[in-house]
Amino acid sequence: MKKDIKIEVREMPELHVAYVRHTGPYKGNTKLFADLFGKLMGWAGPRGLLNSPKTMAMSVYHDDPETTDEDKLELNVCITVPEDTKVEGEISKMTVPGGMYAVAKFELDPDEYEDAWNMIYGSWLPESGYLYDKRVCYEIYQNDPEEHPQNKHIVDICIPVKSIPDRK
């Protein structure tokens, strides 16, 4: 993983997503992510929800893995959908809040995700002039790793931030 990662703070839009939730450990489990996305795509494909070039695949994280028991971690694998999309069964819907986010673009091997997250929280955030804002974090997947020459995952990691208040 390159160390000179570009992180940009920008306004991100509110996103409407359909998702499949997983509760429990997920770190490094590429099969789990593949299974969850397979379930979601299997539902979305016949409904014509994968045809839009604007459709994004993403994962939303609800908990801090450093402070939450592994068996209680909540993860949603998602695709963006029109707001009025009807869901059923294991498929649910939520709105990912918009606002100011630090967006870091990475090209990762599957085992480098944890290092990428740790770099943002451990190195970039303390030096950035921003504070973590208590909204969900998420990853936006920009490619199919199977189609990348080195099977890299091109991903935007999005961390909600807010400005540090002036200390006067």
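Note that the structure is predicted; figures quoted are calculated from it, not measured. Throughout this description, residue numbers start from 1 for each chain and increase along the sequence as written. Where totals are concerned, whole chains, interfaces and linings use all residues; where local detail is concerned, this predicted model gives features only for residues with pLDDT of at least 70, and gives and counts side-chain atom pairs only at 80 or more. As a convention, hydrogens and water are excluded, and side-chain values are obtained from all of the structure's heavy atoms.

(A) Representation of helix H2 (residues 113-128). Bend at a residue means the angle formed by two fitted axes: the first through the 7 residues ending at that position, the second through the 7 residues beginning there. For the purposes of this entry, the term helix denotes a DSSP run of H or I that reaches at least four residues, the term strand denotes a run of E that reaches at least two, and both are numbered from the N terminus. Its maximal kink placed at Met119, H2 deviates by approximately 30°. Relative accessible area decides the class of each residue, using a 1.4 Å probe on protein chains only: under 20% of the type maximum gives buried, over 50% gives exposed, and in between gives partly exposed. All buried positions along H2 are accounted for by Tyr113, Ala116, Trp117, Met119, Ile120, Trp124, Leu125 and Ser128. Residue contacts follow a heavy-atom distance rule, with two residues in contact if any of their heavy atoms lie within 4.5 Å. Elements that come into contact with the buried residues of H2 comprise strand E1 (7-12), strand E3 (57-61), strand E6 (99-108), strand E7 (130-132), strand E8 (137-141) and strand E9 (153-163). Immediately downstream of H2, the backbone of Gly129 shows phi near 85°, a positive value.

(B) A look at the confidence of the model for the chain. pLDDT is a per-residue confidence score from the predictor, ranging from 0 to 100. Of all residues in the chain, 96% attain a pLDDT of 70 or more, and the chain-wide mean is 90. Mean pLDDT values over the elements of the chain span from 92, in H2, up to 97, in strand E5 (residues 92-96).

(C) Representation of the packing of aromatic side chains within the structure. Centre distance within 6.5 Å is the pairing criterion for rings of Phe, Tyr and Trp, where only the six-membered ring of Trp is used; planes under 30 degrees apart are then read as stacked, over 60 as edge-to-face, and the remainder as tilted. The tally for this structure, following the rule as stated, stands at eight aromatic pairs. Judged by centre distance (6.0 Å) and plane angle (55°), the ring pair of Tyr121 and Tyr132 falls under tilted. With Tyr121 in helix H2 and Tyr132 in strand E7, this pair connects stretches of sequence that are eleven residues apart. The class for Tyr132 is partly exposed, based on a relative accessible area of 31%. Cluster of aromatic residues (ring-pair linked, three or more members): Tyr26, Phe33, Tyr61, Trp117, Tyr121 and Tyr132. Here Arg135 stacks its cationic end above the ring of Tyr101, 4.7 Å away from the centre of that ring. By definition here, charges over rings are those cases where NZ of Lys or CZ of Arg is within 6 Å of the ring centre and within 35 degrees of the ring normal.

(D) Highlighting the pattern of salt bridges. Any carboxyl oxygen of Asp or Glu within 4 Å of a side-chain nitrogen of Lys or Arg constitutes a salt bridge here. Under the defined criterion, the tally for this structure stands at ten salt bridges. The shortest N-O distance in the salt bridge between Glu88 and Arg47 comes to 2.8 Å. Within this pair, whereas Glu88 is found in the loop between strand E4 (74-80) and E5, its partner Arg47 is found in the loop between helix H1 (30-44) and E3, the two being separated by 41 residues in sequence. A relative accessible area of 39% means that Glu88 is categorised as partly exposed. As a salt-bridge pair, Asp156 and Lys105 come within 2.9 Å of each other at their nearest N and O atoms.

(E) Spotlight on the side chain of Glu139. Here Glu139 is to be found in strand E8. Lys27 provides the closest opposite charge to the buried, unpaired Glu139, separated from it by 13 Å. A distance of 2.7 Å separates the side chain of Glu139 from the side chain of Trp117, its partner in a polar contact. Here a polar contact is taken to be a pair of N or O atoms separated by no more than 3.5 Å, where protein atoms must pair a possible hydrogen donor with a possible acceptor and residues adjacent in sequence count only if both atoms sit in side chains. Only 2.5 Å separates the side chain of Glu139 from the side chain of Tyr141, close enough to count as a polar contact. Sequence-distant contacts of Glu139, defined by excluding residues within four places in its chain, comprise Ala57, Met58, Ser59, Tyr61, Tyr113, Trp117, Val155, Asp156 and Ile157. In this tally Asp and Glu are treated as negative and Lys and Arg as positive; neither His nor the chain ends contributes.

(F) Looking closely at the nonpolar core. The biggest cluster of nonpolar side chains holds 38 residues, and the ones touching the most others in it are Ile7, Leu40, Phe106, Ile120, Tyr141 and Ile159. Of all elements in the fold, only strand E2 (15-23), H1, E3, E4, E6, H2, E8 and E9 reach the threshold of two or more residues within this core. Excluding anything up to four places from it in sequence, Ile159 contacts Met100, Tyr101, Ala102, Trp117, Ile120, Tyr121, Tyr132 and Cys137. Within the second largest apolar cluster, 15 residues are counted, among which are Tyr19, Cys78, Met94 and Tyr138. Only buried residues count toward a nonpolar core. Its members are Ala, Val, Leu, Ile, Met, Phe, Trp, Tyr and Cys residues joined through side-chain atoms within 4.5 Å.

(G) Representation of the pairing of E9 in the model. Within E9, eight of the eleven residues are buried, which leaves it mostly tucked inside the rest of the structure. Here E6 runs beside E9; their pairing, made up of eight bridges, is antiparallel. Residue pairing in the sheet places Leu108 in a bridge with His153 of E9. Criterion used throughout: strands pair if DSSP finds at least two bridges between them. Pairing of E8 with E9 involves four bridges; the strand directions are antiparallel. Following the sheet pairing, Ile140 is matched in E9 by Asp156.

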